[in-house]
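The primary structure of each chain is shown beneath.
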Amino acid sequence: MQTKEKLFVFSLLSLNIFQWISVVEFDYGIHHLVKYLFSVFAIGALFYYQYTHPVDRSETNIYHPVIIFFLIWSGYLLIEGAFGFNDIFYVQRVFGQQYFYLPYLLPLIILYTRFDIYFFGYLLKAVSALIILSVIVQLYVMGFNLGDPFYENFLRIGLFDVGSGLLLLMAHFSSKKQVSYIIIFYFLLFLFLYAHFGRRGLSVKTILFLVAMVIIRLKSPLALVRDRMITYFYILLTGMFVFVLFEPVLSSAYVFQRGFDTASLQASRERVFEDFFFDFDSNKDWLFGRGLDGEILRTIAEEGTGDLIENGFLTVLLKGGLLYLIPMLIIMLRACYLGFFKSNNDLGKALAALVFIQIISMMMHGLPDYSSPYVLVWVAVAGCFSSVVREPDNEEVFLIMNADTVA
């Protein structure tokens, strides 16, 4: 069974490599075909995993009318978009651009894939092993590459990150205590980097993950009081260490120069939003959107138009209208409800927290994209809808996830 789970993890790694190559291919002289190979492999592996792990009707209520409508409308958008592919350029766009086409195909694949506790146990082990490499790259960036562009640094660190958010929320299920310390350290270092590069949305998202982790652990019967206190002491100690060591950098961090008040947020987004609402002015636009290849007025762009908005909700409206946005939000919020209130274990709550943070992050950015984090958001949605994930208690989940270690 683990062979197929390995393939799924490799698909996430391929997505990370695909995104990194998309940014650095010209700088490092990487042939453009390499990018497409990783992209095609990733989507092919996801299709194959779905084919070998279809959902069981008795285990999920994924066959809900709202979900069916969402999938039908998604299918229509994909088919309509495909009819516009009149040359090889559009095929290159499909497999070469992370915000075009494939993000809207991912839910169709993942919602009807079966994810059980064994899958999440294997994913937990894989992320735990790979995250150490990401921490090493993080430390290298902090020591030698803070002057490089943020986006390249971010993708370089994320090459081996195939689920850090989920690991942070699930780490107390690992039989190895150091896993919690490493992933918390990783998030604290990222918080420093986001502050340094002025990334307000990502800073807030990181804090939300840390807060969600603390809340889940505080309420978890799985963690002993002593373990909880050690974890929180470690967070405090590491946070103080990072602050003291980098206080001169933090005090002048770009994120604080940009500010978090209403005026500063309007200064960076107001013109983009004004353009959107000025141009997106018909009932047809609001109801149906402008299609996956749709564009909107963007006066700050050279061409005068753009196909993205720095806001997840508005981007979804542009592409699929309210007919896509409303069902998507209902599905995500329903998954949050099932995970938070209808789950007997912390795994369900961790998956619900991942989905809920995605919804919040859509206000700051959170665009649908062809990436491993977005894949895992829909994996979390599918997991929350699955009774085989929600019904076992924490002890059962712990034993299943650590079967090879406990045995």
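Given the structure is predicted, the values throughout are model-derived calculations rather than measurements.

How would you sum up the packing of helix 1 (residues 2-28) against helix 7 (residues 150-157)? Please name residues and give values.
For the pair helix 1 and helix 7, the least separation of the axes is 9 Å and the interaxial angle reads 120°. Relative to helix 7, helix 1 is oriented oblique. Every pair of crossing elements has a handedness; the one defined by helix 1 and helix 7 is left-handed. The segment helix 1 lies against helix 7, with Gln-19, Trp-20, Val-23, Val-24, Asp-27 and Tyr-28 engaging Tyr-151, Glu-152, Leu-155 and Arg-156. In terms of residue class, the contact of helix 1 with helix 7 is made up of six nonpolar, one polar and three charged.

Could you give an account of unusual backbone geometry, with specific residues and numbers?
At Tyr-101, a residue that is not glycine, the phi angle is positive and equals roughly 70°. Tracing the chain through its elements places Tyr-101 in the loop between helix 4 (88-96) and helix 5 (102-110). Tyr-101 sits in the buried class, given a relative accessible area of 12%.

Go over the pattern of salt bridges with me, naming the residues and quoting the values.
Counted according to the given criterion, the structure contains nine salt bridges. Where Lys-35 meets Glu-25, a salt bridge forms, and the shortest distance between an N and an O atom there is 3.0 Å. With Lys-35 in helix 2 (residues 32-52) and Glu-25 in helix 1, this pair connects stretches of sequence that are ten residues apart. In this structure, Glu-59 engages Arg-114 in a salt bridge whose closest nitrogen and oxygen atoms are separated by 2.6 Å. Of this pair, Glu-59 sits in the loop between helix 2 and helix 3 (65-83) while Arg-114 sits in the loop between helix 5 and helix 6 (117-144), placing them 55 residues apart in sequence. By relative accessible area, which is 25% here, Arg-114 ends up partly exposed. Shared partners join several salt bridges into a network, and the residues in it are Glu-59, Arg-114 and Asp-116.

How would you sum up the confidence of the model for the protein chain? Please name residues and give values.
Looking at the protein chain, the pLDDT average stands at 87 and 87% of residues meet or exceed 70. Contacts for the low-pLDDT stretch residues 249-264, under 50 throughout, to residues beyond four places or in other chains number 31 contacts.

Residues and numbers for the packing of aromatic side chains, please.
Considering all chains together, one arrives at 36 aromatic pairs under this definition. Taking the centre distance of 6.3 Å and the plane angle of 65° together, the rings of Phe-340 and Phe-341 count as edge-to-face. The exposure class assigned to Phe-341 is exposed, which follows from its relative accessible area of 63%. Through a chain of ring-to-ring contacts, the aromatic side chains of Phe-150, Phe-154, Tyr-186, Phe-187, Phe-190, Tyr-194, Phe-197 and Phe-209 assemble into a single cluster.

Definitions and cut-offs
- Residues numbered from 1 in each chain as written.
- Predicted model: local features only at pLDDT ≥ 70, side-chain atom pairs only at ≥ 80, totals over all residues.
- Heavy atoms only, no water.
- Axes fitted to C-alpha atoms, helices over the stretch in contact; angles between N-to-C directions.
- Helix = DSSP H or I, 4+ residues; strand = E, 2+ residues; numbered from the N terminus.
- Parallel < 35°, antiparallel > 145°, perpendicular 65-115°, else oblique.
- Left-handed = near helix turned anticlockwise from the far one by under 90°.
- Contact = heavy atoms within 4.5 Å.
- Nonpolar A, V, L, I, M, F, W, Y, C, P; charged D, E, K, R; others polar.
- Buried < 20%, exposed > 50% of the residue type's maximum accessible area, 1.4 Å probe, protein only.
- Salt bridge = Lys/Arg side-chain N within 4 Å of Asp/Glu carboxyl O.
- pLDDT = per-residue confidence, 0-100.
- Phe/Tyr/Trp six-rings, centres within 6.5 Å; stacked < 30°, edge-to-face > 60°.

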